[in-house]
Structure formats: C-alpha cells, structure tokens
Amino acid sequence: TITVSGSGADGKGAIINSAPVEQRTALYACKVSLAGDAAVGGVSRFGIWPDVKSPYLDLNGYTLSKVGANIFSLINVDTAPGAGNIDVQGGNFWLVYSTQLNGGPENRLTVRPDAILSFYMLFEPQAWTLALNNRSYVSVISSGAPNNTWNGPVTLNGTAFLGGYNYPAYNMRL
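Residues numbered from 1 in each chain as written. Predicted model: local features only at pLDDT ≥ 70, side-chain atom pairs only at ≥ 80, totals over all residues. Heavy atoms only, no water.

## Description of the overall build of the protein
- From N to C terminus, the protein includes zero helices and 18 strands.
- Relative to the compact-globule value of 16 Å for 174 residues, the protein shows a C-alpha radius of gyration of 15 Å, a close match.
- Each principal axis of the C-alpha atoms in the protein carries an extent, and together these give about 35 × 30 × 30 Å.
- Counting the 174 residues in the protein, one finds 47% classified as buried.
- Surface accessibility of the protein: about 7,500 Å² in total, with carbon and sulfur atoms responsible for 51%.
- In the protein, 10 positive and 10 negative side-chain charges are present, and the distance between their average locations comes to 6 Å. (Helix = DSSP H or I, 4+ residues; strand = E, 2+ residues; numbered from the N terminus. Rg over C-alpha atoms; globule rule 2.2 N^0.38 Å. Buried < 20%, exposed > 50% of the residue type's maximum accessible area, 1.4 Å probe, protein only. Areas by Shrake-Rupley, 256 points an atom, 1.4 Å probe, with all protein chains shown as cover. Lys, Arg positive; Asp, Glu negative; His and termini not counted. Charge placed at Lys NZ, Arg CZ, Asp CG, Glu CD.)

Structure, rendered in structure tokens:
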C-alpha cells in the first residue's frame with residue numbers, strides 16, 4: 001500500500017511520472033490510500049493498474065486531484081471513496097475497462113477548464129456527480145455499446161466539449 005497526501009514539490013503532484021516515457025504499470029498491483037487531500041501529475045502517462053479487481057484506490061473521504069499535462073489512468077480499479085472526490089485540474093484523467101467509482105451522487109468528479117475526462121471501453125456505469133466547468137472536455141477513446149455510461153447527475157458550469165477519437169464508432173451516455 002502506498003499512503004499519500006499533499007500536492008508534492010511545487011504542487012506538481014505527490015505521485016508523479018517525471019520520465020519522458022509512459023509508465024502504464026508504475027503502480028501495478030499497488031493499493032493507493034489517501035491520508036489527506038492528494039495530487040497526482042507529471043509529464044508522461046501513468047496510473048493504477050491492479051492485478052485483480054479490488055479496492056485499489058481508497059480516497060478515505062479526501063480529494064484526489066489530477067494536475068499537470070499528462071495522462072493519469074485508473075485501469076480496472078475498484079474505488080472506495082467514502083466522502084471523497086476527484087478533481088481533474090489539468091491534463092487527462094482516464095477511466096478504463098471495469099473501473100468502478102463506488103459511492104453515489106454525494107461524490108463528485110470535477111473537470112476544470114482545459115482538463116479532460118476520458119473513457120476507454122468503460123464497462124461500469126458511474127453514479128457520481130459529474131461537474132463540467134467552462135472549457136472542460138469529456139472524451140471517448142474507445143467504445144462498444146453499452147460502454148461509457150455516466151448514470152449520476154451532470155452539472156454544466158459553462159461550455160463543455162464532448163468528443164471522441166478517430167474510431168469508426170464510439171458512444172457515450174451522460
């Protein structure tokens with residue numbers, strides 16, 4: 001278990017990937033547990049990828065912030081939020097495959113201006129409140145019905161952009 005809190009050096013993230021290459025399995029089979037509000041960031045892609053689906057991200061009622069321009073992904077991650085939230089302040093935050101943000105509308109995933117929330121064949125419908133701020137983005141990278149569903153309330157705080165990549169078909173339900 002990696003226990004983390006804080007925003008890290010210069011606010012760039014308490015857990016970061018500063019390498020010029022992707023580290024898709026940097027947190028492979030590692031449980032991440034928040035001991036306070038915490039940030040993740042960096043310059044290249046990384047994320048949490050457990051070897052089996054179990055509560056590998058425990059927010060413990062705190063807020064996980066995504067900062068920096070990189071991609072941070074939750075791949076098949078079962079999240080135990082308590083009263084916790086996710087705040088995408090910069091870069092791209094991916095929800096992938098069977099990732100489940102447990103909890104309900106009392107939990108909030110906020111996407112800030114110029115930040116991106118991406119779905120990649122997300123099998124599990126999400127029940128959190130999704131707050132899309134002005135100039136925020138929601139994107140589908142890969143799809144297949146009935147994937148990429150957000151069942152919780154969605155709040156628009158300005159203009160948000162919905163889109164997908166160059167695949168022949170994609171779908172998203174908000």
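## Some details on the packing of aromatic side chains
- Scanning all chains against the criterion turns up seven aromatic pairs.
- A centroid spacing of 6.2 Å and a plane angle of 5 degrees characterise the contact between W94 and Y120, whose relative ring orientation is stacked. Remark: Y120 occurs in strand 14 (residues 116–120) and W94 occurs in strand 11 (residues 92–96); sequence separation between them is 26 residues.
- A relative accessible area of 11% places W94 in the buried class.
- The partly exposed category is assigned to Y120, whose relative accessible area is 22%.
- Linked through ring pairs, W94, Y97, Y120 and F123 together constitute an aromatic cluster. (Phe/Tyr/Trp six-rings, centres within 6.5 Å; stacked < 30°, edge-to-face > 60°.)

## Some thoughts on the environment of E124
- When you line up the elements, E124 lands in the loop between strand 14 and strand 15 (129–133).
- According to the relative accessible area criterion, E124 is partly exposed, its value standing at 26%.
- With 48 residues separating them in the primary sequence, E124 and N76 have C-alpha atoms 9.8 Å apart.

## Structural notes on the pairing of strand 13 (residues 108–111)
- By the bridge criterion, three bridges tie strand 10 (residues 85–88) to strand 13 in an arrangement that is parallel. The partner of D87 across the bridge, within strand 13, is T110.
- Note: strand 13 against strand 15, four bridges, orientation parallel. Of the residues in strand 15, the one forming a bridge with R108 is T129. (Pairing = 2+ DSSP bridges.)

## Let's talk about the side chain of K66
- Residue placement: K66 occurs in strand 7 (residues 63–66).
- There is no salt bridge for the buried K66, and the closest opposite charge comes from D87, which lies 11 Å off by N-O distance.
- A polar atom in the side chain of K66 sits 2.9 Å from the backbone oxygen of G68.
- The residues contacting K66, other than those within four sequence positions of it, are V40, I71, F72, D87, V88, Q89, G90, G91, N92 and F93. (Salt bridge = Lys/Arg side-chain N within 4 Å of Asp/Glu carboxyl O. Polar contact = N/O pair within 3.5 Å; in protein donor to acceptor, adjacent residues only side chain to side chain. Contact = heavy atoms within 4.5 Å.)

## Observations regarding the pairing of strand 15
- Of all five residues making up strand 15, five are buried, and the element is well covered by its neighbours.
- With burial as the criterion, each face of strand 15 is covered, one bearing T129, A131 and N133 and the other bearing L130 and L132.
- Two strands pair when backbone bridges link them, and strand 15 and strand 17 (residues 154–157) are joined in this way by four bridges, in the parallel orientation. Among the inter-strand pairings, L132 is bridged to a residue of strand 17, identified as L156.

## Considerations on the sheet that holds strand 16 (residues 136–142)
- Reading across the sheet, the seven strands line up as 3-5-8-11-14-16-18 and stay open at both edges, with parallel pairing between neighbours. In the strand order of this sheet, the two ends are held by strand 3 (23–28) and strand 18 (160–164), each with one partner. With strand direction ignored, the average angle separating the axes of adjacent strands in the sheet is 20 degrees.
- Strand direction decides the pairing type here: strand 16 and strand 18, joined by five bridges, are parallel. Of the residues in strand 18, the one forming a bridge with S136 is A160. (Axes fitted to C-alpha atoms, helices over the stretch in contact; angles between N-to-C directions.)

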